[in-house]
Amino acid sequence: MTVSVQKKMFIIASVAFVLLMTIAGLWDLQISNAFINYNSVFGTVFQTLGEFPVYMVLVLTGEIAMAYGFQVRDNPLFSNSLIFGGLGLAAWQLQKYLEEIESYSLAISDNLAHNKAMGLANSDSGEASLSLAMTYAILFFAFILVTLIVQRWLSKKSAQEMKQLMIVGVFASVTVFLAFEVNIALKDLWGRVRPYELNGSQSDFTAWYIINGPNGHRSFPSGHSMAATLMILFAWFTTGKWHRYIWNFGIVFAVLMYISRVRIGAHFMGDVTFSGFLTAFIIFIMWGLYKSVIAPTDQVGGGRLY
């Protein structure tokens, strides 16, 4: 992508952001009331499974670290440390993702058992209740499956490609960390009530541009939307047609997530819009930093943002 094209896309994105946030500022509550459906299967599925990019980018980086450690053996202390570090990172993040699925799934089951809307599952306060043995058994088999798939893909990579993938993994992991931390900080600062938390008269609704301060409410910005936007990062690890396919899929997946969060009543339009654009901005900065610090090559990502 040339600099001129980047400028044009940035201007278009900025105009779209201002327009959408203006609409949200005027009609957030009305849009939510008209569109919300706590029994939406679409919204519930995305709520339960949709945050996987924020975890799986780190799982992938851990897997790459393990493979790179086995490949680079000139310094055994470093390579072995990298192998065990990558193993720990991959297992840790996979466990966190599985715990999130478990928490949402158990909350859905509980809601249905008590004749409540299934979409009211809430990860902010959900508690997993599977036995420890069952939890770790699921983690073990899931980790083996993921490792077999990823390591088979990595086994076809050259030494130069593995080096480039390792660097991309580091940049992608930092991107995830920044997006996550910024999102959490803004959630705590804004203290916006979620749609499903509103009282009967909805008098506790506040527009997205009002900062309420820390109060236990965390609607703005949307964490799921941040995670879904990070789907784009998987395109960084690929080249050729797969690079474009994953990029396009990431955009579609993110948009579907934005819609699902409003549909299930977990967020307002302003929450998901702000989160999506903010995360995309962080991705843009980090990819630009990668290209300016690391000499661009055609080994991974084609040296392009998309």
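### Concerning the packing of helix α2 (residues 41–49) against helix α4 (residues 76–113)
Logical step 1: It is at 8 Å that the axes of α2 and α4 come closest, and there the two elements cross at 145°. Together, Thr44, Gln47, Thr48 and Leu49 of α2 and Tyr97, Ile101, Tyr104, Ser105 and Ile108 of α4 make up the contact between the two elements.
Logical step 2: Broken down by class, the residue content of the contact of α2 with α4 amounts to 5 nonpolar, 4 polar and no charged.

### Some thoughts on the packing of aromatic side chains
Logical step 1: Enumeration over the complete set of coordinates arrives at 20 aromatic pairs.
Logical step 2: On the basis of an interplanar angle of 50° and a centroid distance of 6.2 Å, the ring pair of Phe17 and Phe274 is categorised as tilted. Taken together, the residues Phe17 in helix α1 (residues 3–35) and Phe274 in helix α9 (residues 269–293) connect sequence positions 257 residues apart.
Logical step 3: Residue Phe17 is classed as partly exposed on the basis of its relative accessible area of 24%.
Logical step 4: When the ring of Phe220 is compared with that of Phe274, the centres are 4.9 Å apart and the planes differ by 40°; the resulting orientation is tilted. Taken together, the residues Phe220 in the loop between α6 (159–190) and α7 (223–229) and Phe274 in helix α9 connect sequence positions 54 residues apart.
Logical step 5: Taking relative accessible area as the criterion, Phe274 reaches 18% and is therefore assigned buried.
Logical step 6: One aromatic cluster is present, formed by Phe17, Trp190, Trp208, Tyr209, Phe220, Phe274 and Phe277 through successive ring pairs.
Logical step 7: One Lys or Arg, Arg263, reaches over the ring of Phe35 and ends 5.2 Å from the middle of that ring.

### Thoughts on the packing of α6 against α9
What describes two packed helices is the angle between their axes and the distance between those same axes.
Logical step 1: It is at 10 Å that the axes of α6 and α9 come closest, and there the two elements cross at 145°. When you trace α6 past α9, the crossing you get is right-handed. The segment α6 lies against α9, with Gln164, Ile167, Val168, Phe171, Val174, Thr175, Leu178, Ala179, Val182, Asn183 and Leu186 engaging Phe274, Ser275, Leu278, Thr279, Ile282, Ile283, Met286, Leu289 and Tyr290.

### Here's the deal with the pattern of salt bridges
Logical step 1: As enumerated under the stated definition, the model contains 3 salt bridges in all.
Logical step 2: A salt bridge links Arg192 to Asp28; the nearest nitrogen and oxygen atoms lie 2.9 Å apart. Within this pair, whereas Arg192 is found in the loop between α6 and α7, its partner Asp28 is found in helix α1, the two being separated by 164 residues in sequence.
Logical step 3: Note on Arg192: relative accessible area 0%, which makes it buried.
Logical step 4: We classify Asp28 as buried; its relative accessible area is 2%.

### Quick word on unusual backbone geometry
Logical step 1: Each neighbour pair has its own omega, and for Phe220 with Pro221 the value is -5°, a cis peptide bond.
Logical step 2: With respect to the helices and strands, Pro221 occurs in the loop between α6 and α7.
Logical step 3: Although it is not a glycine, Asn115 sits at a positive phi angle of roughly 55°.
Logical step 4: Within the secondary structure layout, Asn115 lies in the loop between α4 and α5 (132–154).
Logical step 5: Phi is positive for Gln202, close to 60°, though the residue is something other than glycine.
Logical step 6: Here Gln202 is to be found in the loop between α6 and α7.

About the thresholds
- Residues numbered from 1 in each chain as written.
- Predicted model: local features only at pLDDT ≥ 70, side-chain atom pairs only at ≥ 80, totals over all residues.
- Heavy atoms only, no water.
- Axes fitted to C-alpha atoms, helices over the stretch in contact; angles between N-to-C directions.
- Helix = DSSP H or I, 4+ residues; strand = E, 2+ residues; numbered from the N terminus.
- Contact = heavy atoms within 4.5 Å.
- Nonpolar A, V, L, I, M, F, W, Y, C, P; charged D, E, K, R; others polar.
- Phe/Tyr/Trp six-rings, centres within 6.5 Å; stacked < 30°, edge-to-face > 60°.
- Buried < 20%, exposed > 50% of the residue type's maximum accessible area, 1.4 Å probe, protein only.
- Lys NZ or Arg CZ within 6 Å of the ring centre and 35° of its normal.
- Left-handed = near helix turned anticlockwise from the far one by under 90°.
- Salt bridge = Lys/Arg side-chain N within 4 Å of Asp/Glu carboxyl O.

Everything listed here is a matter of geometry and, on its own, says nothing about what the molecule does.
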